[in-house]
Amino acid sequence: MSLTLQNLRALEILDSRGRPTLAVEAWLSDGTRASAQVPSGASTGTHEAHERRDGSPRFDGKGVRDVARDVAAIFLPALQNLPAEDQRALDARLIEIDGTPNKSRYGANATLGISCAVARAVSVARREPLFRTLSTGTPVLPVPMINILSGGLHAGGNLEFQDFLIVPHGFSTMADALEAAVRIHSTAGDILRRSGYTLTGVADEGGWGPLLPSNEEALFLLTIAIGEAGYLPGEQVSIALDVAATHFYKDGKYHLESEGRELTSSQMVDLLARWCASFPVISIEDGLAEDDWDGWAELTERLQAIQLVGDDLFTTNVTRLREGFKRKTANAVLVKMNQIGTLTETLDVCALAREIGYSAVVSARSGETEDSFLADLAVASGAGQIKIGSITRSERLAKYNRLLELEAWEELTFPGYTGPTRASQLMTDEETVDD
Ligand code: 2PG
Ligand code: MG
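The structure presented is a predicted model; accordingly, all values stated were derived computationally and were not measured. (Residues numbered from 1 in each chain as written. Chains lettered and ligands numbered in written order. Predicted model: local features only at pLDDT ≥ 70, side-chain atom pairs only at ≥ 80, totals over all residues. Heavy atoms only, no water.)

A.B. asks: Can you walk me through the site of ligand 1 in this structure?
C.D. replies: Near ligand 1, the surroundings consist of 16 residues, among which Ala42, Glu205, Arg365, Ser366 and Lys387 are the closest. Between ligand 1 and Glu205 there is a distance of 2.6 Å, counted from an oxygen atom to a side-chain nitrogen or oxygen. A total of 310 Å² of accessible area belongs to ligand 1 in isolation, and the protein chains cover 99% of it. Residues of the shell around ligand 1, tallied by class, amount to 3 nonpolar, 5 polar and 8 charged. (Near = heavy atom within 4 Å. Polar contact = N/O pair within 3.5 Å; in protein donor to acceptor, adjacent residues only side chain to side chain. Areas by Shrake-Rupley, 256 points an atom, 1.4 Å probe, with all protein chains shown as cover. Nonpolar A, V, L, I, M, F, W, Y, C, P; charged D, E, K, R; others polar.)

A.B. asks: What is the right way to read the environment of Ala121 from this model?
C.D. replies: By secondary structure assignment, the location of Ala121 is in helix H3 (residues 108-126). The sequence separation of Ala121 and Glu25 amounts to 96 residues, and the corresponding C-alpha distance is 8.5 Å. When near neighbours in sequence (up to four residues on either side) are disregarded, Ala121 contacts Ala26, Leu28, Thr32 and Ala34. (Helix = DSSP H or I, 4+ residues; strand = E, 2+ residues; numbered from the N terminus. Contact = heavy atoms within 4.5 Å.)

A.B. asks: So what exactly am I meant to see when it comes to the domain arrangement of the protein here?
C.D. replies: Note: interface size is frequently given as the accessible area lost on complex formation between the parts. Here the protein is described as being made up of domain 1 (5-128) and domain 2 (143-428). On a C-alpha basis, the centres of domain 1 and domain 2 stand 27 Å from each other. With 34 residues of domain 1 at the contact, the number on the domain 2 side is 32 residues. For the pairing of domain 1 and domain 2, the buried interface totals around 2700 Å² over both sides, and the portion due to carbon and sulfur atoms is 48%. Put simply, domain 1 and domain 2 have 5 salt bridges between them. Salt-bridge contacts for Lys103 lead to Glu345; the nearest nitrogen and oxygen are separated by 3.0 Å. Linking domain 1 with domain 2 are 29 residue pairs in polar contact (both at pLDDT 80 or more). Among the elements that make up the side of domain 1 that touches domain 2, the one with the highest residue count is H3 (7 residues). Residue classes in the side of domain 1 that touches domain 2 are distributed as 12 nonpolar, 14 polar and 8 charged. (Domains from an automatic or database assignment. Buried area = accessible area lost by both parts, 1.4 Å probe. Salt bridge = Lys/Arg side-chain N within 4 Å of Asp/Glu carboxyl O.)

A.B. asks: Looking at this structure, I do not really get the confidence of the model for the protein. What am I missing?
C.D. replies: In regions of low pLDDT, the predicted coordinates are not meant to be interpreted in detail. Of the residues in the protein, 97% reach a pLDDT of 70 or more, and the chain-wide mean stands at 95. By mean pLDDT, the top-scoring element of the protein is H3 (99), and the lowest-scoring one is helix H14 (residues 422-426) (49). Throughout residues 425-435 the model reports pLDDT below 50, and contacts reaching past four residues in sequence, or to other chains, amount to 19 contacts. (pLDDT = per-residue confidence, 0-100.)

A.B. asks: Please clarify how the sheet that holds strand S4 (residues 143-150) should be interpreted in this entry.
C.D. replies: Strand order in the closed barrel made by the 8 strands is S4-S5-S6-S10-S11-S12-S13-S14, with mixed pairing throughout. Strand-to-strand twist across the sheet, computed as the mean angle between neighbouring axes with direction ignored, equals 30°. Of the pairings in the sheet, the one linking strand S10 (residues 281-285) to strand S11 (residues 307-310) comprises 3 bridges and is parallel in character. Each bridged residue has a counterpart across the sheet, and for Glu285 the counterpart in S11 is Val309. Packed onto the sheet, helix H12 (residues 373-381) meets strand S13 (359-363) and strand S14 (385-389) and runs at close to 165° relative to S13. (Pairing = 2+ DSSP bridges. Axes fitted to C-alpha atoms, helices over the stretch in contact; angles between N-to-C directions.)

So this is what it looks like as structure tokens:
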């Protein structure tokens with residue numbers, strides 16, 4: 001018998017930064033109950049769907065009790081008795097109930113919580129792993145992009161560039177790739193201590209947040225850490241950057257305050273090109289700001305062999321991704337469920353990326369919960385890459401450990417890195433550039 005949605009309730013809980021977020025529980029007609037928790041970003045893009053907050057004095061305006069109330073008061077009456085297994089129809093109804101282009105009425109945190117809770121309840125009712133319920137094609141284990149050094153809004157503004165990550169692509173299993181990440185994270189900590197850089201615990205995503213003299217120093221240290229941990233930089237383990245450039249772009253310039261200089265878009269492209277030639281960088285996310293389309297076009301033209309990922313640029317939005325494709329901008333998309341607010345729209349972005357030949361990286365937010373939903377989503381989407389943060393802090397480990405379970409118990413394959421590799425990149429490194 002087909003399953004229908006019978007009840008919904010929501011609760012204000014806390015995320016990994018101690019800020020309020022939403023948990024939603026869905027009840028189905030067979031008695032199944034399951035819940036999902038909603039993530040929350042800090043370096044958010046302007047074009048993201050709306051994350052609704054109460055604005056009352058509680059939690060300095062960040063409470064979500066009104067959002068939770070409306071899940072039961074507004075959404076439940078409109079969704080009760082609808083088929084639970086038709087995710088597309090359910091999500092279409094959520095979009096319709098909100099009725100605004102960016103879910104600003106009831107909040108993308110509400111719609112996403114409901115969307116995920118119902119999907120999980122269906123998987124529990126069917127007694128199948130969540131990734132099978134979500135799956136639209138061939139499920140694969142994604143290659144992780146793992147944060148080792150943090151800057152920007154995730155580490156108190158020590159540096160401007162936000163994430164210095166590793167891509168352990170030279171391994172045949174997820175378990176081996178994660179072991180390499182653990183070694184490199186701990187080696188990087190040793191190097192930072194040895195070098196006298198201030199270390200006071202870890203940043204929002206579990207990477208180190210050291211006070212370094214320049215952004216480039218972070219790249220240098222990370223490359224050393226890969227080698228010192230016993231791996232071949234560029235062959236087994238490469239580097240990915242999330243520049244998050246939107247957040248230091250003002251009045252047409254990129255402000256590298258820690259280095260006391262300002263760069264134009266072209267100078268930023270020069271800088272990134274030089275780094276790609278000097279360090280084993282294979283992927284750059286948000287190398288330029290969210291609406292710097294001309295700069296992005298230049299970046300894409302110049303660094304064709306690098307995976308250029310649009311996060312704030314695309315905000316998991318098919319309209320913006322189509323626009324990017326039309327303008328020959330970027331060659332990959334970051335996929336964050338709460339940037340758009342339903343599972344269907346999230347998976348549609350993955351499908352469009354496949355269609356236009358862009359790679360896709362399914363990503364967590366800097367504010368996360370212990371929910372491992374993202375791991376199953378990444379596997380189900382067939383995206384082939386995932387970005388969760390570092391290998392410390394349990395809101396990150398919940399996802400990595402779920403991937404380990406899926407590798408061991410569901411016998412999923414780990415097919416390898418889906419973006420351009422270092423080998424192809426070296427062939428275009430000939431150009432000499434100055435920053
Ligand atoms: C990003 C994410 C995750 P936030 O910029 O890619 O690292 O950060 O969730 O703060 O937007
Ligand atoms: Mg980003």
